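Okay, here's what each chain looks like letter by letter:
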Amino acid sequence: MELIHNFVQNNALVISSSILIVAYIFIAWEKISKVTVAMIGAAITLILGLLAQSKGHDAVIDPHYFINFVDFNVIFLLISMMIIVSIASKSGIFTWVANALLKKTKGHPVKILLVLGFFTAFASAFLDNVTTVILVVPVTFLVAKYLDINPIPYLITEILASNIGGTATLIGDPPNIIIGSKAGFTFMTFLLELTDIVFLILIVTLFILWLCFRKDLVASEEKMEAVAHLDNSTTITDKKLAIRSGVVLALVILGFILHDLIHIESHVIALAGASFLMIFESPKRVLNGVEWNTIFFFIGLFIIIGGFEAAGGIKILAQWVLDVTNGNESAAAMLILWASGILSGVVDNIPYTATMAPMIYQIQLVEGAAYAHPLWWCLSLGACLGGNMTIIGAAANVIVSETAAAHGKPISFMKYLKYGVLITFVSLVMSSIYIYFRFLIHAGH
């Protein structure tokens, strides 16, 4: 046993990076569920002793204790928001809002494309992308049936809009939650730094999609009438619940915005909101609505990456970025933005961001916070927008494509790729220009 322990300690970097790479390969392969891959990787990391299994004793606290590497800010924020949204959506409040907006379009197919695009992006900024598309997709099929047109242009628009909208806020996309926690950014920091560019990217995206799909977006007058007179009176199934959960969600978001005044962390505000709503619910039913596979995927992932970090791997990665770019801030920013955008289209953007965030933090320790500031936004824009590139680039994409297939309207990998690559490329070019003029031109690099 002593021999094995010494071997692992002497080769910790090689072993931990091998576990990380193999985990990545299996996550991308998708034959074994990613939560299982993450849990197995975490178990191996702990069994081999790459991280300490116990806290140590009072005299000596072990800095490599595995719990130190699990980011509970991220875990609590995710669980709490999942609980709040799961309770709120049960009342029908989100579907009611979507229907009310659709009625305003008078059933015009192009206006519906714009409304669904804006609604999905806006909702994804405050709920998570997966919840947003789960709410919007059934409404889309209903409208497509009324209009007797192909729902695929709408579905592709919703995938792209959900990833773009989720980029704008701290809670919109899991990569941002990881970045916010590691960099110490608040809800308002994200809004101030990213809302402008995300809004511009959304406008350009909807314009491109209108150009691509305009021939399909045609319906007869009487079909349009059907949408204009959608019956929305029975959508809200529980009025009291709709009011209660709507108020709590609004207060939680207000709490995020007022962080600098009240000095309560986002995950604590979300936890307070979730626990208040739980008073009126059956905990068992609510907790069934939490995506536990996502939560355990995060925990397993943090432990695997913790093993790599404890072995000094993150330090080496950070040093490599600084060496390759000769310490040039603009070069480092563009490398991170484009690498994040392209890789997030191919691999899941959550493990990618979980690996990169400690690396940028390490660069920040070496070069200072001012140097690293634009790099965080490059990681956020790249990882979130890159999710649009392929149909497997983000969880929302997979859910829409699976639901579409179940409705007999499959979106093939190659069909989606045409739009995904185009929109991702345009988004990354716009982000590069924004990052350069917003952060780098003044730095004189």
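Our subject is the structure listed above.
Residues numbered from 1 in each chain as written. Predicted model: local features only at pLDDT ≥ 70, side-chain atom pairs only at ≥ 80, totals over all residues. Heavy atoms only, no water.

S.K.: What am I meant to see in the overall build of the protein chain here?
M.R.: Across its full length, the protein chain carries 22 helices and 2 strands. For 445 residues, the compact-globule estimate of 2.2 N^0.38 gives 22 Å, and the C-alpha radius of gyration of the protein chain, at 23 Å, lies within 12% of that figure. Along the first, second and third principal axes, the C-alpha set of the protein chain runs to 80 × 50 × 45 Å. Taking all 445 residues of the protein chain together, 54% fall into the buried category. In the protein chain, once contacts between residues fewer than 6 apart in sequence are set aside, the share between residues at least 24 apart is 79%. Entry remark: accessible area of the protein chain is about 19,600 Å², with carbon and sulfur atoms responsible for 68%. Mean positive and mean negative side-chain charge positions of the protein chain (23 and 27 charges, respectively) differ by 12 Å. (Helix = DSSP H or I, 4+ residues; strand = E, 2+ residues; numbered from the N terminus. Rg over C-alpha atoms; globule rule 2.2 N^0.38 Å. Buried < 20%, exposed > 50% of the residue type's maximum accessible area, 1.4 Å probe, protein only. Contact = heavy atoms within 4.5 Å. Areas by Shrake-Rupley, 256 points an atom, 1.4 Å probe, with all protein chains shown as cover. Lys, Arg positive; Asp, Glu negative; His and termini not counted. Charge placed at Lys NZ, Arg CZ, Asp CG, Glu CD.)

S.K.: I keep staring at helix α5 (residues 93-104) and nothing clicks. Help me out?
M.R.: Count 3.6 residues to each turn of an α-helix, and residues three or four apart come out pointing the same way. The terminal C-alpha atoms of α5 lie 17 Å apart, and with 12 residues this matches the ideal 16 Å at 1.5 Å per residue to within 8%. Those residues of α5 that are buried are in contact with α4 (72-90), α6 (109-126), α7 (129-147), α11 (221-228) and α12 (239-257). In the stretch just after α5, lysine 106 is the one whose phi turns positive, near 55 degrees. (Expected span 1.5 Å × (residues − 1).)

S.K.: Explain the pattern of salt bridges here, please?
M.R.: Side chains that differ in charge, positive against negative, can pair when their charged atoms come close. In the structure shown here, the tally under the stated rule is 4 salt bridges. Note that glutamate 193 is salt-bridged to arginine 438, the shortest N-O span being 2.8 Å. Pair noted here: glutamate 193 is in helix α10 (residues 187-213) and arginine 438 is in helix α22 (residues 413-443), with a separation of 245 residues, a long-range link. Owing to a relative accessible area of 31%, arginine 438 belongs among the partly exposed residues under this scheme. Between arginine 285 and glutamate 281 there is a salt bridge; the shortest N-O distance is 3.8 Å. Exposure remark for arginine 285: the relative accessible area of 53% places this residue in the exposed category. We classify glutamate 281 as buried; its relative accessible area is 13%. The network of salt bridges with shared partners includes Lys90, Arg244, Glu281 and Arg285. (Salt bridge = Lys/Arg side-chain N within 4 Å of Asp/Glu carboxyl O.)

S.K.: Would you mind going over the packing of α4 against helix α14 (residues 266-278) with me for this structure?
M.R.: Packed helices, taken two at a time, are described by the angle their axes make and the gap between the axes. Running from N to C, α4 and α14 cross one another at 35 degrees; their axes reach a closest spacing of 8 Å. Crossing of α4 against α14: the hand is left-handed. Taken together, the residues of α14 that come into contact with α4 (itself represented by Asn73, Phe76, Leu77, Ser80, Met81, Ile83, Ile84 and Ile87) are Ser266, His267, Ala270, Leu271, Gly273, Ala274, Leu277 and Met278. Its residues assigned to classes, the contact of α4 with α14 shows 11 nonpolar, 5 polar and no charged. (Axes fitted to C-alpha atoms, helices over the stretch in contact; angles between N-to-C directions. Left-handed = near helix turned anticlockwise from the far one by under 90°. Nonpolar A, V, L, I, M, F, W, Y, C, P; charged D, E, K, R; others polar.)

S.K.: What is the right way to read the packing of aromatic side chains from this model?
M.R.: A ring pair, where both rings are aromatic, is described by two values, the distance of the centres and the angle of the planes. The tally for this structure, following the rule as stated, stands at 18 aromatic pairs. Here phenylalanine 185 and phenylalanine 190 contribute two aromatic rings whose centre-to-centre distance is 6.2 Å and whose plane-to-plane angle is 75 degrees, an arrangement assigned as edge-to-face. Classification of phenylalanine 190 as buried rests on a relative accessible area of 0%. Judged by centre distance (6.0 Å) and plane angle (35 degrees), the ring pair of phenylalanine 207 and tryptophan 210 falls under tilted. (Phe/Tyr/Trp six-rings, centres within 6.5 Å; stacked < 30°, edge-to-face > 60°.)

S.K.: Please explain α12 as it appears in this structure.
M.R.: Spanning 19 residues, α12 covers 27 Å between terminal C-alpha atoms, matching the ideal 27 Å at 1.5 Å per step. Looking at where α12 begins, the residue whose side-chain oxygen comes 3.3 Å from the main-chain nitrogen of lysine 240 is aspartate 238. (Polar contact = N/O pair within 3.5 Å; in protein donor to acceptor, adjacent residues only side chain to side chain.)

S.K.: What am I meant to see in unusual backbone geometry here?
M.R.: What you tend to see is this: most non-glycine residues have negative phi, and most peptide bonds are trans. At aspartate 148, a residue that is not glycine, the phi angle is positive and equals roughly 60 degrees. Under the relative-accessibility criterion, aspartate 148 is labelled exposed at 59%. Phi at histidine 263 takes a positive value of approximately 55 degrees, unusual for a residue other than glycine. Considering the arrangement of structural elements, one finds histidine 263 in the loop between α13 (259-262) and α14.

S.K.: So what exactly am I meant to see when it comes to a nonpolar patch on the surface here?
M.R.: Residues Ile243, Val247, Leu251, Leu254, Ile257, Leu258, Leu261, Ile262, Ile264 and Val268 make up a contiguous nonpolar surface patch of roughly 860 Å² in combined accessible area. When residues of the nonpolar patch are traced back to their parent elements, those giving at least two are α12 and α13. Per element, the largest residue contribution to the nonpolar patch is 5 residues, and it comes from α12. By secondary structure assignment, the location of leucine 251 is in helix α12. Given a relative accessible area of 52%, leucine 251 falls into the exposed group. (Patch = residues over 30% accessible without salt bridge, like charges linked within 9 Å, V, L, I, M, F, W, Y side chains within 5 Å.)

S.K.: In this structure, what is going on with the nonpolar core? I would like to understand it.
M.R.: Nonpolar side chains in soluble globular proteins tend to end up buried together. Judged by nonpolar contacts, the single largest core of 150 residues is most densely connected at Met81, Leu147, Phe256, Met359 and Ile411. The greatest single-element share of this core, amounting to 12 residues, is contributed by α4. (Core = buried A, V, L, I, M, F, W, Y, C linked by side-chain atoms within 4.5 Å.)

S.K.: Hey, could you run me through the environment of isoleucine 164 in this one?
M.R.: Mapped onto the elements of the fold, isoleucine 164 is located in helix α8 (residues 152-166). Sequence separation between isoleucine 164 and histidine 229 is 65 residues; the distance between their C-alpha atoms is 30 Å. Here isoleucine 164 is in contact with Val198, Ile201, Leu202, Thr205, Leu385, Asn388 and Ile423, once residues within four sequence places are set aside.

S.K.: Is there a simple way to think about the packing of α8 against helix α21 (residues 395-406) in this case?
M.R.: Their axes nearest at 9 Å, the elements α8 and α21 cross at an angle of 165 degrees. Comparing the axis directions of α8 and α21 gives the class roughly antiparallel. α21 is crossed by α8, and the crossing has right-handed handedness. In this structure, α8 contributes Leu155, Ile159, Ser162 and Asn163 to the contact, and α21 contributes Ala396, Asn397, Val400 and Ala404. (Parallel < 35°, antiparallel > 145°, perpendicular 65-115°, else oblique.)

S.K.: Would you explain the state of the cysteines in this entry?
M.R.: Note on terminology: disulfide describes a covalent bond linking the sulfur atoms of two cysteines. Applying the stated rule across the entire model yields 0 disulfides. Not part of a disulfide, cysteine 384 finds its nearest cysteine sulfur in cysteine 378, a span of 13 Å. (Disulfide = S-S within 2.5 Å.)

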